[in-house]
Amino acid sequence: MSAPDQDKQRNREIAANEAEREAVSAVRVSSWAIGIAAILGVIAVAIVWAWMSR
């Protein structure tokens, strides 16, 4: 395999690794966003319930 072919293969591997790393990061951020939204939803329901039952 010539040097340019090796460079292309190396670049493909680097790109694949970077894509995988970005996907894992996106899942992590999404998980945090879902968790925060759920907590805020519970707080909102608790406030509305307390308001309605007074």
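Residues numbered from 1 in each chain as written. Predicted model: local features only at pLDDT ≥ 70, side-chain atom pairs only at ≥ 80, totals over all residues. Heavy atoms only, no water.

**Q** Where do I start with the environment of Gly 41 in this structure?
**A** Relative to the elements of secondary structure, Gly 41 occurs in helix H1 (residues 3–52). C-alpha of Gly 41 to C-alpha of Ala 19: the two residues are 22 residues apart in sequence and 33 Å apart in space. (Helix = DSSP H or I, 4+ residues; strand = E, 2+ residues; numbered from the N terminus.)

**Q** Would you mind showing me how to read the packing of aromatic side chains here?
**A** Each pair of aromatic rings is reported with the distance of its centres and the angle of its planes. Using the criterion set out here, one finds zero aromatic pairs in the structure. Over the ring of Trp 51 we find Arg 54; its NZ or CZ atom is 4.4 Å from the centre of that ring. (Phe/Tyr/Trp six-rings, centres within 6.5 Å; stacked < 30°, edge-to-face > 60°. Lys NZ or Arg CZ within 6 Å of the ring centre and 35° of its normal.)

**Q** Explanation requested: a nonpolar patch on the surface in the structure shown.
**A** A contiguous nonpolar surface patch, about 670 Å² in accessible area, is contributed by Trp 32, Ile 36, Ile 39, Leu 40, Ile 43 and Ile 47. Note that Trp 32 resides in helix H1. (Patch = residues over 30% accessible without salt bridge, like charges linked within 9 Å, V, L, I, M, F, W, Y side chains within 5 Å. Areas by Shrake-Rupley, 256 points an atom, 1.4 Å probe, with all protein chains shown as cover. Salt bridge = Lys/Arg side-chain N within 4 Å of Asp/Glu carboxyl O.)

**Q** Which parts of the structure should I look at to understand the pattern of salt bridges?
**A** Working definition: two side chains of opposite charge can pair if their charged atoms are close together. One pass over the full model with this rule turns up one salt bridge. A salt bridge links Glu 18 to Arg 21; the nearest nitrogen and oxygen atoms lie 2.7 Å apart. Pair noted here: Glu 18 and Arg 21 are both in helix H1, with a separation of three residues, about one helical turn. Glu 18 gets classed as partly exposed once you look at its relative accessible area, which sits at 34%. (Buried < 20%, exposed > 50% of the residue type's maximum accessible area, 1.4 Å probe, protein only.)

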